[in-house]
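# Chains, contacts and geometry: an overview
Here is what each chain is made of, one letter per residue.
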Amino acid sequence: MRQIATLIMPRLLSFGNGGASAARQRWIVRVGLFGAIGVAFWAGMFAVCLKVLFYFKSQEEIGNILAWKLLSMVMVIYFSLLVFSGILTCLSKLYISKDLLLVFSLPVSAFKIFIARWIEAALDSSWMIIIYTLPVLISYGIVYSAGFTYYLLSAGVMILLSAVASLVSAVLVMVMVIVIPAGRVKSIFVFLGLTLFLLLYLAFRLLRPERFVDPEAFRTVMVYMKAMQVPASPLLPSTWAFNTLKFSLTGNIGQAVYYFMILVSCSVTFFCTAVLVSAGIYFKGMSKTQTARQPFHKPKSRKSFFFSFLPRAKQAYIIKEIKMFLRDQTQWSQVFLIAALIFIYVYNFKVLPLERAPINTVYLQNLLSFLNMGLATFVLTAVAGRFAYPAVSAEGEAFWLVRSAPVSIRTFLWIKFFIYLFPLLVLTEVLIVMTNIMLKVTPAMMGISTITVFFMVPAVVGMAIGLGATYPDFNAENPTQVITSFGGLIFMMASAAYIICIIMLEAGPVYRIFISGLLHRDLSAGVIAWSVAAFGAVIVISVCVTIIPMWFGERALS
């Protein structure tokens, strides 16, 4: 136990030294900004949950059923998110961390190293999910006037459920590292990407949400009520957690303690199993990850027909970027997952029940098309944050090669800009065009949305590359650490502000143009001048938002 505590101690000491090692003022600004945003979001979730539960409580007969169904859904989603986060964090902590070679050189057993690393992974993967689940559980306690026992059991349930999810993730990671050939441990991300999507889809389907938003699908009210009360699988830890909370809220403490002890026994069993598995295969898997990695592609000539018109130095940079993307499976393996999510995004527009809406169908179709520009660019922001923002930080400790190469920092950044611009532009335009076709919008709305997105994509990519260069993290072990940093938050906030600004600028003119086309009227001179000014402002703002962050990034790297 003492050795495990010693292995964890450096991580604990790093929290105390974080503020002292950085510039004090900058550290205070970051903590204050993150804290204010987090508190505001937490308070908003708490207010919404409280209002929804009070509304449910006011509905006779069906109100409690809806509240319990919501709590069951929260527990399923909570456990699923913990498993997803745990897999990625355990892989990083158990096999990819840079200090593992030093740790394994110590006279400590492999299973003790595993326990210390698992504790770190469990904390890192669950603390944020726990914090943002608290407003839901506190709301239930307030609405149902729960006693101290409920809050005590709630804290225990969250800790035990987090432990079970992290232990399941750790065992899966250790087994997968043994199965995957040596030198290709990052190939595990291919499996993780597919597993992530399948688990997300499974968790979503377990909730069966479409059955409960359409009571007409049920023949009678009794059938609907019965479907709402169908319990989840009794073998899932999330079900035991739900039963513990439900019985403690209703005052049945005996049943609540019974299900809580089942959760305790499950967590102890998984912990013992994980320790036994780690004693047998953890060191062997760690040894396999240190073997030389076999390249997936044979080296090819640096010449390329597509880039032959460029100088040789720029050709080399472009080919380097493409090869880095293809060789790093943590990047391209997630393309499959993004493609699946985009398919779901487009499919949701196909199944929209527009004919049942109380608003005129033609008006609603074009309204959704206009709002879809914002939704599509928010999707673009998420994808750019995952791929384009970490592009500069991905150079890592080899960034000195960039500085010593016969290519300026400005050229270096613009090469990265154009490499990510074209695929993201195609992706966003395809989203807009396909959803507009499904919504059957007017030709004017189709043209406005596609042209607007054409100018918005470079702006978002420019912010991603420019701010990624302004706040680089060359010591990051994976892209997730880069996008969740202070600079990543600035990028997300700036992108959201830019998208909202563009939508607000175009809202008035687009509405006038649509109404004029719908009523077959000519546009007045005032509307034409307003439209030209608004669309001109959109173009000017987009160009400025593209260039200015790139300039800041160039200055920061220089």
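Residues numbered from 1 in each chain as written. Predicted model: local features only at pLDDT ≥ 70, side-chain atom pairs only at ≥ 80, totals over all residues. Heavy atoms only, no water.

Let's shift gears to the overall build of the chain. Of the regular secondary structure elements, the chain holds 20 helices and zero strands. When contacts within the chain are restricted to residue pairs at least 6 apart in sequence, those whose partners lie at least 24 apart make up 80%. If you sum the accessible surface of the chain, you get close to 29,300 Å²; carbon and sulfur atoms cover 72% of it. (Helix = DSSP H or I, 4+ residues; strand = E, 2+ residues; numbered from the N terminus. Contact = heavy atoms within 4.5 Å. Areas by Shrake-Rupley, 256 points an atom, 1.4 Å probe, with all protein chains shown as cover.)

Trans is the common state for peptide bonds, and a negative phi is the common state for residues other than glycine. A positive phi angle is found at S145, which is not glycine, with a value near 50 degrees. Here S145 shows up in the loop between α6 (134–143) and α7 (148–179). On the basis of relative accessibility, which here comes to 65%, the residue S145 falls in the exposed class. (Buried < 20%, exposed > 50% of the residue type's maximum accessible area, 1.4 Å probe, protein only.)

Enumeration according to the criterion identifies 20 aromatic pairs in this entry. With 6.3 Å between their ring centres and 10 degrees between their planes, Y140 and Y144 make a pair best called stacked. By relative accessible area, which is 15% here, Y144 ends up buried. Ring centres of F454 and F455 lie 5.7 Å apart, and the angle between their planes is 90 degrees; on these two criteria the pair is classed as edge-to-face. On the basis of relative accessibility, which here comes to 26%, the residue F455 falls in the partly exposed class. Three or more aromatic residues joined by ring pairs make a cluster, and in this case those are Y95, F104, F114, Y282 and F283. Over the ring of Y144 we find K57, and its NZ or CZ is 4.8 Å from the ring centre. (Phe/Tyr/Trp six-rings, centres within 6.5 Å; stacked < 30°, edge-to-face > 60°. Lys NZ or Arg CZ within 6 Å of the ring centre and 35° of its normal.)

If you walk through the whole model with that rule in mind, you get five salt bridges. For K93, the salt bridge goes to E120, with nearest N and O atoms at 3.6 Å. Residue K93 is located in helix α3 (residues 62–96), and its partner E120 is located in helix α5 (residues 110–131); the two are separated by 27 residues in the primary sequence. E120 shares its class with K93; the two are buried. One continuous salt-bridge network, built from bridges that share partners, spans K93, E120 and D124. (Salt bridge = Lys/Arg side-chain N within 4 Å of Asp/Glu carboxyl O.)

This brings us to the confidence of the model for the chain. When pLDDT is averaged along the chain, the result is 77; 74% of the residues meet or exceed 70. Helix α9 (residues 221–228) is the least confidently modelled element of the chain, averaging 46 in pLDDT, while α6 averages 91, the highest of any element. Note on residues 295–299: pLDDT is under 50 here. Beyond four places in sequence and across chains, it has four contacts. (pLDDT = per-residue confidence, 0-100.)

Once that is clear, we can look at the side chain of E506. Of note, E506 is situated in helix α19 (residues 486–518). The side chain of E506 sits in the buried core without any salt bridge; R512 is the nearest counter-charge, 15 Å away. Look past the residues within four positions of E506 in its chain and what remains in contact with it is F370, M373, I448, T452, F535 and V538. (Lys, Arg positive; Asp, Glu negative; His and termini not counted.)

Grouped together as the largest cluster of nonpolar side chains are 69 residues, with contacts concentrated most on Y95, F114, Y140 and Y282. No other element matches α7, which puts 16 residues into this core. Sequence-distant contacts of Y95, that is, excluding residues within four places in its chain, are made with C90, L100, V173, M174, V177, Y282, G285, M286 and T289. Residues Y389, F412, L413 and I465 belong to the second largest nonpolar core, which totals 54 residues. (Core = buried A, V, L, I, M, F, W, Y, C linked by side-chain atoms within 4.5 Å.)

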